[in-house]
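Fold and geometry: a report
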Amino acid sequence: MAAPLGGMGAPHRPVLLEETVKFLAPERGGLFIDCTVGLGGHSEAILKSSGETRVVGMDLDPAALEYARQRLASFGERFRAFQTNFRAIREVLQQASERDPQGILLDLGVSSLQFDSPERGFSFRFDAPLDMRMNPATGDTAADLLQQLPESEIAKIIFEYGEERHSRRIARRIVERREQGKPITTTTELADLVRLAAGGHKRNQIHPATRTFQALRIAVNHELEGLGEFVESAVDLLIPDGRFVGISFHSLEDRILKRELRRLSGHCECPPRLPVCECGAREVVEVLTRRPVAPGEREVEENPRARSAKLRACRKL
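Residues numbered from 1 in each chain as written. Predicted model: local features only at pLDDT ≥ 70, side-chain atom pairs only at ≥ 80, totals over all residues. Heavy atoms only, no water.

Focus: the overall build of the protein chain
- Secondary structure assignment for the protein chain yields 13 helices and 7 strands.
- Here the C-alpha radius of gyration of the protein chain, 20 Å, is about what a compact globule of 317 residues would show, namely 20 Å.
- Principal-axis analysis of the C-alpha atoms places the extent of the protein chain at approximately 60 × 60 × 40 Å.
- Looking at the protein chain as a whole, 53% of its 317 residues are labelled buried.
- The contacts in the protein chain between residues at least 6 apart in sequence include a share of 67% that link residues at least 24 apart.
- Accessible surface, the protein chain as shown: approximately 15500 Å² in total, 48% of it carbon and sulfur.
- Mean positive and mean negative side-chain charge positions of the protein chain (46 and 46 charges, respectively) differ by 5 Å. (Helix = DSSP H or I, 4+ residues; strand = E, 2+ residues; numbered from the N terminus. Rg over C-alpha atoms; globule rule 2.2 N^0.38 Å. Buried < 20%, exposed > 50% of the residue type's maximum accessible area, 1.4 Å probe, protein only. Contact = heavy atoms within 4.5 Å. Areas by Shrake-Rupley, 256 points an atom, 1.4 Å probe, with all protein chains shown as cover. Lys, Arg positive; Asp, Glu negative; His and termini not counted. Charge placed at Lys NZ, Arg CZ, Asp CG, Glu CD.)

A look at the pattern of salt bridges
- The tally for this structure, following the rule as stated, stands at 25 salt bridges.
- With a shortest N-O distance of 2.8 Å, Arg-305 and Asp-116 are connected by a salt bridge. On the criterion of sequence distance, the pair formed by Arg-305 in the loop between helix H13 (297-302) and strand S7 (310-316) and Asp-116 in the loop between helix H5 (112-115) and helix H6 (142-148) is long-range, its members being 189 residues apart.
- Classification of Arg-305 as partly exposed rests on a relative accessible area of 30%.
- For Asp-116, a relative accessible area of 32% translates into the label partly exposed. (Salt bridge = Lys/Arg side-chain N within 4 Å of Asp/Glu carboxyl O.)

So, the environment of Lys-182
- Looking at the element boundaries, Lys-182 is found in the loop between helix H8 (167-179) and helix H9 (187-198).
- In sequence terms Lys-182 and Leu-224 are 42 residues apart; their C-alpha atoms lie 30 Å from each other.

Section: the confidence of the model for the protein chain
- When the pLDDT values of the protein chain are averaged, the result is 91; 94% of them are 70 or greater.
- In this model, residues 1-10 is a region of pLDDT below 50 whose contacts with residues beyond four sequence positions or in other chains number 16 contacts. (pLDDT = per-residue confidence, 0-100.)

Quick notes on the sheet that holds S7
- The strand order across the open sheet formed by 7 strands is S3-S2-S1-S4-S5-S7-S6, and the pairing between neighbours is mixed. One side of each edge strand has no neighbouring strand; the edge strands of this open sheet are strand S3 (79-83) and strand S6 (285-287). Direction aside, neighbouring strands of the sheet carry axes that sit 15 degrees apart on average.
- Judged from the 5 bridges that link them, strand S4 (residues 103-107) and strand S5 (residues 243-248) form a sheet pairing that is parallel. Pairing of Ile-104 across the sheet is with Phe-244, part of S5.
- With respect to the sheet, helix H2 (residues 41-49) is in contact with strand S1 (30-34), strand S2 (53-59), S3, S4 and S5, its orientation differing from that of S2 by roughly 170 degrees. (Pairing = 2+ DSSP bridges. Axes fitted to C-alpha atoms, helices over the stretch in contact; angles between N-to-C directions.)

Written as structure tokens, this is what we have:
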């Protein structure tokens, strides 16, 4: 393994690693695409499974991608990395002069490097600028959104992406601060505001700011935009008997993955009275997971961040 970057120790074990390898079946060899390579844990397992595997890794975060490059350097040309969003999968394949992937992996989680780097602003464990961008070089920060968006839009983001029942109260407090000339700019300021707006932090319960931070991260990085279209595009790229694995950490993400895999397995979701299917259902995959696969107790104990993970997989017909 590569030497740790930025003082970071060994990364957490990748979420649902054994299950991911099982469904992808990389021992067959060929090309695999890790659309959110992160710290490279899943890619490393894929490359180790057979000397005939190749992995194209993608990630928007330049720090994570550099870590993965160093970690997987011993595999030489069998691993290539590209800094871009997972939605650019077709463009990356063209750039890499590759085609016909055997497997495609999408892990929608946030890496340990992002959570554990105070300056990135993903976690309220540190007092830091409220950033949350996967790519720190571009786009609005979470602080920018809280400064620019109207109260109703802030409340909508927190409610829809965070499923936070106190979303309106939190949004009201944020805008009040802004109107007083004291906008929220740090993680601690936001965490304290949410704690006061949503109620205290009881023992053995998640911190009251957890859902709000999650919602802002999703909004900042446009994480749900185009996810359904991506799943269909990924399936179209696979060769027959190729596998797609998606790992989600949020109910909205899982809902999209479930809906798209059902539709691509031929389940029409149109109202029964419609004479013609309008949802685009077509039977091109076999769903391999009737229910989402979740981490076992031991994995959650070793890595509490895995507790909300859900894996869904399919095989192209």
